[in-house]
Amino acid sequence: MGQDRGRYDFYIGLALAISSSIFIGGSFILKKKGLLRLARKGSMRAGQGGHAYLKEWLWWAGLLSMGAGEAANFAAYAFAPATLVTPLGALSVLVSAVLSSYFLSERLNLHGKLGCLLSILGSTNMVIHAPQEEEITSLEHMARKLVDPGFFVFATLVIIVAVIFIFVVGPRHGQTNILVYITICSVIGALSVSCVKGLGIAIKEAIAGKSVARNPLAWLLLAALVACVSTQINYLNKALDIFNTSLVTPIYYVFFTTSVLTCSAILFKEWEHMEVGDVIGTLSGFLTIIVGIFLLHAFKDVNVSLASLAVSMRKDERASFPAANGAAVHSTYELLHESTEDADDRDTGLSFDSVSRRNGAMMSSLDH
């Protein structure tokens, strides 16, 4: 019964994670279209500190879509390990890339399609080799995990990095460097996932009839989640407003996933009982996703498709065929030229010899 229950929870978490990626991927497009409409109207842009997007219904539709995706993601973390749920966030990158090619006129070339395929294969590989997290059944157990020295040091470093980027690096380089705002969202996102996992445990206890409202940890996790999500939305808006969606989405995925995997390994000890094959499979799956994401956005401005690739190959063949013919004609001409020169030399030599012989005969007759 316990094994059947675990498999049932696995499929619930998987379905929720996939639906979450669809909602979140669509939210990027809706929010971007809202921000573009505001830019055409001449309103102060979000990247410059403006908040005119709060009056744009498309932006609110994107926010609601993201809220639905985050809710589904929230529920997925309650049923499945973070290392299973987080890699499936690559599907939001694929959804965003495909929809942006239709609604934002951002091209998805052959490299992008190969990147999407590699991202799906890498995500599948990570799901197959996903580690089993240490079972946490109560908020008291979660509280002991949160005060563990390893996680305490990790959380402190995350907060220090976020504060430095928000108050020092962001005002100087945020408008020109895409990694600044994305780093803020990613490191804060690792803490938000931990809060989501704890609240999921609290909801399960509440459904089981336990008194959760009196536990201060539940309210602390809720307040921390609101602060983290608000910070993520703010700086993600700035990144989307300044930089291309096909750049922001994949880079954010890589940074966010790396932060979450690190946080989960420290907090939930997911990697302690993994076999070598599963470790290699998980890491190779993640690297495959990174390569796919790189292909998806690094060559986005290169106009390459299967049709253009076939045409280019035919052009290369045609270019090489005349060159080969030209070389053959040139070599034939050289051979003919050399043979003609040899013949002329021989004729000249024969004529010279005959003239010499005639002159010699004449000189001998005169002597006599």
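Residues numbered from 1 in each chain as written. Predicted model: local features only at pLDDT ≥ 70, side-chain atom pairs only at ≥ 80, totals over all residues. Heavy atoms only, no water.

Draft legend 1. The arrangement of the nonpolar core in detail. In this structure, Tyr 77, Met 142, Leu 146, Phe 151, Ile 182, Leu 236 and Val 248 are the most contacted members of the largest nonpolar core, which totals 59 residues. Every element with two or more residues in this core is listed here: helix H1 (2-41), helix H2 (57-79), helix H3 (82-85), helix H6 (139-146), helix H7 (149-173), helix H8 (178-207), helix H9 (216-242) and helix H10 (245-267). Element by element, the count of residues in this core is highest for H8, at 16 residues. Excluding its chain neighbours within four sequence positions, the residues that come into contact with Ile 182 are Ala 239, Val 248, Ile 251, Tyr 252 and Phe 255. Counting residues in each nonpolar core, the second largest holds 13 residues, with Ala 90, Val 254, Leu 261 and Ile 293 among its members. (Core = buried A, V, L, I, M, F, W, Y, C linked by side-chain atoms within 4.5 Å. Buried < 20%, exposed > 50% of the residue type's maximum accessible area, 1.4 Å probe, protein only. Helix = DSSP H or I, 4+ residues; strand = E, 2+ residues; numbered from the N terminus. Contact = heavy atoms within 4.5 Å.)

Draft legend 2. Representation of the environment of Leu 38 in the model. Within the secondary structure layout, Leu 38 lies in helix H1. Judged by its relative accessible area of 11%, Leu 38 is buried. Measuring from C-alpha to C-alpha, the distance between Leu 38 and Trp 59 comes to 9.9 Å, with 21 residues separating the pair along the chain.

Draft legend 3. Molecular detail of the packing of H2 against H8. For the pair H2 and H8, interaxial distance at closest approach is 8 Å and the crossing angle is 70°. By the criterion of interaxial angle, the relationship of H2 to H8 is roughly perpendicular. Relative to H8, H2 is oriented so that their crossing is right-handed. Taking contact as the criterion, the partners of Phe 74, Tyr 77 and Ala 78 in H2 are, on H8, Val 193, Val 196, Lys 197, Leu 199, Gly 200, Ile 203 and Lys 204. Per-class residue counts for the contact of H2 with H8 are seven nonpolar, one polar and two charged. (Axes fitted to C-alpha atoms, helices over the stretch in contact; angles between N-to-C directions. Parallel < 35°, antiparallel > 145°, perpendicular 65-115°, else oblique. Left-handed = near helix turned anticlockwise from the far one by under 90°. Nonpolar A, V, L, I, M, F, W, Y, C, P; charged D, E, K, R; others polar.)

Draft legend 4. Just the packing of H6 against H8, in detail. Running from amino to carboxyl end, H6 crosses H8 at an angle of 160°, the nearest separation of the two axes being 10 Å. If you check the angle between H6 and H8, you find them roughly antiparallel. Crossing handedness for the pair H6 and H8: left-handed. Mapping the contact onto sequence places Leu 139, Glu 140 and Met 142 in H6 and Ser 194, Gly 198, Ile 201, Ala 202 and Glu 205 in H8. In the contact of H6 with H8, the residues fall into four nonpolar, two polar and two charged.

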